[in-house]
Amino acid sequence: MMVWLGRIHRCRGFGVQSPWAYRLVRNVINERYPYYAYAPLAVAHPHADAVTRKLCELCLRLANYVQPRRTVCVGARDAAFEAYVKAGCKRTDWQDMTCEQDMGMAAGVDFALLFPSPLASAGLKAMADGAEDGSMAVLIGIHENNDMKFLWRECRRSVKDVVLFDLYYCGLVCFDRKRYKQEYVINF
């Protein structure tokens, strides 16, 4: 609750000057209308707590927005996230990255979910090396875990051609060479 109150002046796109980023914040990140798949997925995955469900629904909206050909999941195997992403984009090819050797396949990926794990940094680096414009990575738990805090700081400091969104529970890394590097803190 305190985090939400501390970010209250950053809701609904306040302070976002870029029209592209404003539309992403208003129409995707902070979308409040129920999507077509929320109710059936909530029934299919009743184990998810409120924050996990909120993140899963965000992933559905992001997958619907990006329409990725390939999606990778690094660091965790959660069927709920996979189901929500596939509901957002039925044609996406889902791959779980479980070891260091798999990270070479992360190049050319359109959408990535990076959970707290030792492989998250390598997964993001592999994706950033071959990222096309419009690709997106979701870093789960950027303020919960020391490794993810460090990875988020590294994104802010060294990854080029990105627009970053700090949503507290997760961070979005949007790859786009046409945009200046920018970071937004959003009340999600």
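Residues numbered from 1 in each chain as written. Predicted model: local features only at pLDDT ≥ 70, side-chain atom pairs only at ≥ 80, totals over all residues. Heavy atoms only, no water.

### Topic: the packing of aromatic side chains
For step 1, the next point in the chain: If you walk through the whole model with that rule in mind, you get five aromatic pairs.
For step 2, the next point in the chain: Pairing Phe 165 with Tyr 184 gives two aromatic rings, centres 5.4 Å apart and planes at 25°, and the pair type is stacked. Linking Phe 165 in strand S5 (residues 162-166) with Tyr 184 in strand S7 (residues 182-185), this pair joins segments that are 19 residues apart in sequence.
For step 3, the next point in the chain: The class of Tyr 184 is buried, set by a relative accessible area of 10%. (Phe/Tyr/Trp six-rings, centres within 6.5 Å; stacked < 30°, edge-to-face > 60°. Helix = DSSP H or I, 4+ residues; strand = E, 2+ residues; numbered from the N terminus. Buried < 20%, exposed > 50% of the residue type's maximum accessible area, 1.4 Å probe, protein only.)

### Examining helix H4 (residues 50-66)
For step 1, the next point in the chain: If you check H4, its first and last C-alpha atoms are 24 Å apart, about what 17 residues at 1.5 Å a residue would give, namely 24 Å.
For step 2, the next point in the chain: Regarding H4, the residues found buried are Arg 53, Leu 55, Cys 56, Glu 57, Leu 58, Cys 59, Leu 60, Arg 61, Leu 62, Ala 63 and Val 66.
For step 3, the next point in the chain: In the core, the buried residues of H4 are packed alongside helix H2 (19-29), helix H3 (38-44), helix H5 (79-88), strand S3 (111-114), strand S4 (136-140) and strand S6 (170-175).
For step 4, the next point in the chain: Looking one or two places after H4, you find Gln 67, whose phi comes out positive at around 50°. (Expected span 1.5 Å × (residues − 1). Contact = heavy atoms within 4.5 Å.)

### A short note on the side chain of Asp 110
For step 1, the next point in the chain: Summarising the element assignment, Asp 110 is placed in the loop between strand S2 (93-97) and S3.
For step 2, the next point in the chain: Its relative accessible area of 7% is what places Asp 110 among the buried residues.
For step 3, the next point in the chain: Beyond its immediate stretch of four places on either side in the chain, Asp 110 contacts Val 66, Pro 68, Arg 69, Arg 70, Met 127, Gly 134, Ser 135 and Met 136.

### Regarding the layout of surface pockets
For step 1, the next point in the chain: Taken as a whole, the largest pocket holds about 300 Å³ of empty space.
For step 2, the next point in the chain: Contributing to the lining of the largest pocket are 19 residues, with Ala 128, Asp 129, Val 159, Lys 160 and Phe 175 lying nearest its centre.
For step 3, the next point in the chain: When contributions to the lining of the largest pocket are tallied by element, the ones reaching two or more residues are helix H6 (120-129) and helix H7 (146-158).
For step 4, the next point in the chain: Looking at the lining of the largest pocket residue by residue, the class counts come to seven nonpolar, three polar and nine charged.
For step 5, the next point in the chain: Roughly 190 Å³ of volume is contained in the second largest pocket.
For step 6, the next point in the chain: Around the second largest pocket, the lining is made up of 16 residues, and of these Tyr 65, Val 66, Asp 133, Gly 134 and Ser 135 lie nearest the centre.
For step 7, the next point in the chain: Put simply, the parts of the chain that give the lining of the second largest pocket at least two residues each are H4 and S6.
For step 8, the next point in the chain: Grouping the amino acids of the lining of the second largest pocket by side-chain chemistry returns seven nonpolar, three polar and six charged. (1 Å grid on protein atoms, 1.4 Å probe; cavity = no way out; pocket = protein on both sides within 12 Å on 5 of 7 lines; lining within 4 Å. Points joined across faces, edges and corners; volume = space filled by probe spheres on them. Nonpolar A, V, L, I, M, F, W, Y, C, P; charged D, E, K, R; others polar.)

### Some words on the pattern of salt bridges
For step 1, the next point in the chain: Tallied over the entire structure, the rule returns seven salt bridges.
For step 2, the next point in the chain: Taking the shortest distance from any N to any O, the salt bridge between Glu 154 and Arg 157 comes out at 2.5 Å. Here Glu 154 and its partner Arg 157 are both found in helix H7, three residues apart, which amounts to about one turn of the helix.
For step 3, the next point in the chain: The class of Arg 157 is exposed, set by a relative accessible area of 60%. (Salt bridge = Lys/Arg side-chain N within 4 Å of Asp/Glu carboxyl O.)

### Section: the packing of H6 against H7
For step 1, the next point in the chain: Between H6 and H7, the least distance of the axes is 10 Å, while the angle of their chain directions is 25°. Put simply, H6 runs roughly parallel to H7. Between H6 and H7 lies a crossing whose hand is right-handed. Where H6 approaches H7, its residues Ala 120, Ser 121 and Leu 124 are matched on the opposing element by Met 148, Leu 151 and Cys 155.
For step 2, the next point in the chain: Of the residues belonging to the contact of H6 with H7, the class tally is five nonpolar, one polar and no charged. (Axes fitted to C-alpha atoms, helices over the stretch in contact; angles between N-to-C directions. Parallel < 35°, antiparallel > 145°, perpendicular 65-115°, else oblique. Left-handed = near helix turned anticlockwise from the far one by under 90°.)

### What about the sheet that holds S3?
For step 1, the next point in the chain: Pairing is mixed in the open sheet, where seven strands are placed in the order S2-S1-S3-S4-S6-S5-S7. Strand pairing shows two members of the sheet lacking a second neighbour, S2 and S7, which therefore form its edges. Averaged over all pairs of adjacent strands, the angle between strand axes in this sheet comes to 15°, irrespective of strand direction.
For step 2, the next point in the chain: For S4 and S6, the ladder comprises five bridges, and the chain directions are antiparallel. Across the sheet, residue Ala 137 finds its bridge partner in S6, namely Val 173.
For step 3, the next point in the chain: Running over the sheet, H6 touches strand S1 (70-74), S3, S4 and S6 and is turned about 165° from S3. (Pairing = 2+ DSSP bridges.)

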